Amino acid sequence: DAGVTQSPTHLIKTRGQQVTLRCSPKSGHDTVSWYQQALGQGPQFIFQYYEEEERQRGNFPDRFSGHQFPNYSSELNVNALLLGDSALYLCASSFSVNEQFFGPGTRLTVL
Amino acid sequence: RKEVEQDPGPFNVPEGATVAFNCTYSNSASQSFFWYRQDCRKEPKLLMSVYSSGNEDGRFTAQLNRASQYISLLIRDSKLSDSATYLCVVPYNAGGTSYGKLTFGQGTILTVHP
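Quantities reported herein were computed from a predicted structural model and do not represent experimental measurements.

Undergrad: An account of the side chain of Ser49(B) is requested, with residue identities and associated values reported.
TA: Its location among the elements puts Ser49(B) in strand β5 (residues 44-50). Classification of Ser49(B) as buried rests on a relative accessible area of 17%.

Pasting the structure below:
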């Protein structure tokens with residue numbers, strides 16, 4: 001049984017560009033949460049998707065948006081990239097609000 | 001006050017030592033708590049859940065003090081493989097309802113040396 005998968009593994013962008021990150025949840029999971037982890041910090045909650053709707057949102061600007069597809073996979077989009085958006089982006093899947101399992105993350109570098 | 005606060009360390013201990021980490025949280029309505037472990041450049045993985053006063057799993061013991069709003073993690077007989085960052089995690093809870101949002105502490109870095 002595959003765990004949570006994320007793509008791409010690494011990404012380099014320049015300021016002002018847009019990026020899309022992808023996540024496939026663990027089999028049987030219906031909820032996807034996204035987190036941003038800056039170097040030396042704990043992950044910070046961006047938002048959570050359930051039944052293709054954003055169920056909860058953290059303290060992130062509207063430049064951060066997402067989507068969940070009928071097969072429960074999810075995308076995170078970030079527009080107008082800033083240097084401060086450089087971080088490890090983690091996707092976590094769960095069945096409803098039960099234990100969250102994290103994917104390996106996408107490391108985004110903004111130059 | 002931060003929602004979840006941890007001493008970032010780093011803690012450097014010899015093999016076989018006992019080490020303890022503390023974590024404080026601000027939301028008195030929180031019902032459950034987690035300790036996650038994160039290896040360098042890897043994803044966080046659940047180490048222990050704490051729902052009542054405490055939990056023990058082998059060399060690891062987690063304790064909860066609701067009155068003081070802190071959680072601790074004790075590691076006995078440290079191994080080299082215990083070297084990692086330990087993250088204190090509090091699920092968002094409002095009015096007795098558990099939500100999916102997890103709030104992480106900054107993490108405590110542990111290095112176990114020979």
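Don't stop here, the text continues.
Undergrad: Give me the lowdown on the interface of chain A and chain B, citing residues and values where you can.
TA: Contacts between the two partners involve 18 residues from chain A and, on the opposite side, 16 residues from chain B. Between chain A and chain B, roughly 1,500 Å² of surface is buried when both sides are summed, and carbon and sulfur atoms account for 54% of that area. In terms of surface lost to chain B, no three residues of chain A exceed Pro43(A), Gln56(A) and Phe102(A), which account for 32% of the buried area on that side. At the boundary of chain A with chain B, the tally comes to zero salt bridges.

Undergrad: How would you summarise the nonpolar core if you had to cite specific residues and measurements?
TA: In this structure, Phe21(B), Trp35(B), Ile71(B), Leu73(B), Ile75(B), Tyr86(B) and Leu110(B) are the most contacted members of the largest nonpolar core, which totals 23 residues. Counting residues per element, the ones that place at least two in this core are β3 (19-25), β4 (33-38), β5, β7 (60-65), β8 (70-75), β9 (84-94) and β11 (108-113) of chain B. One finds Val32(A), Leu76(A), Ala87(A) and Tyr89(A) within the second-largest nonpolar core, a separate group that totals 20 residues.

Undergrad: How would you explain the side chain of Arg37(B) if you had to name every residue and give the values?
TA: Residues and elements named next belong to chain B. Relative to the helices and strands, Arg-37 is located in strand β4. A polar atom in the side chain of Arg-37 sits 3.5 Å from the backbone oxygen of Ser-83. Those residues in contact with Arg-37 that sit more than four places away from it in its chain are Glu-43, Pro-44, Lys-45, Leu-47, Ser-81, Asp-82, Ser-83, Ala-84, Thr-85 and Tyr-86.

Undergrad: I'd like to hear about the sheet that holds strand β8 (residues 74-78) of chain A, residue by residue, with values.
TA: Residues and elements named next belong to chain A. Strand order in the open sheet formed by four strands is β1-β3-β8-β7, and the pairing between neighbours is antiparallel. The outermost strands of the open sheet, each flanked by one partner alone, are β1 (5-7) and β7 (64-68). Across the sheet, the mean angle from the axis of one strand to that of its neighbour is 20°, orientation sign disregarded. The pairing of β7 with β8 spans five bridges and is classified as antiparallel. Looking at β8, one finds that Gln-68 is bridged to Ser-74.

Undergrad: Run through the state of the cysteines, naming residues and quoting values.
TA: Residue and element names in this part refer to chain B. Evaluation of the coordinates by the stated rule reveals two disulfides over all chains. Two residues, Cys-23 and Cys-88, share a disulfide whose sulfurs are 2.0 Å apart. Around the S-S axis, the bridge from Cys-23 to Cys-88 shows a dihedral of about -75° and counts as left-handed. Here Cys-23 is found in strand β3, whereas its partner Cys-88 is found in strand β9, with 65 residues between them in sequence.

Undergrad: Break down the pattern of salt bridges for me, with residues and values.
TA: Residue and element names in this part refer to chain B. Considering all chains together, one arrives at seven salt bridges over all chains under this definition. For the salt bridge of Glu-56 with Arg-76, the shortest nitrogen-to-oxygen distance reads 3.5 Å. Taken as a pair, Glu-56 in strand β6 (residues 54-57) and Arg-76 in the loop between β8 and β9 lie far apart in primary sequence, 20 residues in all. Accessibility expressed as a relative area gives 56% for Glu-56, which makes it exposed. Accessibility expressed as a relative area gives 27% for Arg-76, which makes it partly exposed.

Undergrad: So what's going on with the environment of Pro104(A)? Residues and values would help.
TA: For Pro104(A), the location among the structural elements is in the loop between β10 (101-102) and β11 (106-110). Along the primary structure Pro104(A) and Leu39(A) are separated by 65 residues, whereas in three dimensions their C-alpha atoms are 15 Å apart. Contacts of Pro104(A), omitting those with residues within four sequence positions, involve Val4(A), Gln6(A), Leu88(A), Leu90(A) and Glu43(B).

Undergrad: Describe the sheet that holds strand β1 (residues 4-6) of chain B, listing the residues and the values that go with them.
TA: Residues and elements named next belong to chain B. The five strands lie next to each other as β1-β3-β8-β7-β6, forming an open sheet whose pairing is antiparallel. Among the strands making up the open sheet, the edge pair consists of β1 and β6. Ignoring strand direction, the axes of neighbouring strands in this sheet form an average angle of 15°. Alignment of β6 against β7, held across four bridges, turns out to be antiparallel. Counterpart to Glu-56 in the pairing with β7 is Thr-61.

Thresholds applied
Residues numbered from 1 in each chain as written. Chains lettered and ligands numbered in written order. Predicted model: local features only at pLDDT ≥ 70, side-chain atom pairs only at ≥ 80, totals over all residues. Heavy atoms only, no water. Helix = DSSP H or I, 4+ residues; strand = E, 2+ residues; numbered from the N terminus. Buried < 20%, exposed > 50% of the residue type's maximum accessible area, 1.4 Å probe, protein only. Contact = heavy atoms within 4.5 Å. Buried area = accessible area lost by both parts, 1.4 Å probe. Salt bridge = Lys/Arg side-chain N within 4 Å of Asp/Glu carboxyl O. Core = buried A, V, L, I, M, F, W, Y, C linked by side-chain atoms within 4.5 Å. Polar contact = N/O pair within 3.5 Å; in protein donor to acceptor, adjacent residues only side chain to side chain. Pairing = 2+ DSSP bridges. Axes fitted to C-alpha atoms, helices over the stretch in contact; angles between N-to-C directions. Disulfide = S-S within 2.5 Å.

That's the geometry; what it means functionally is another story.
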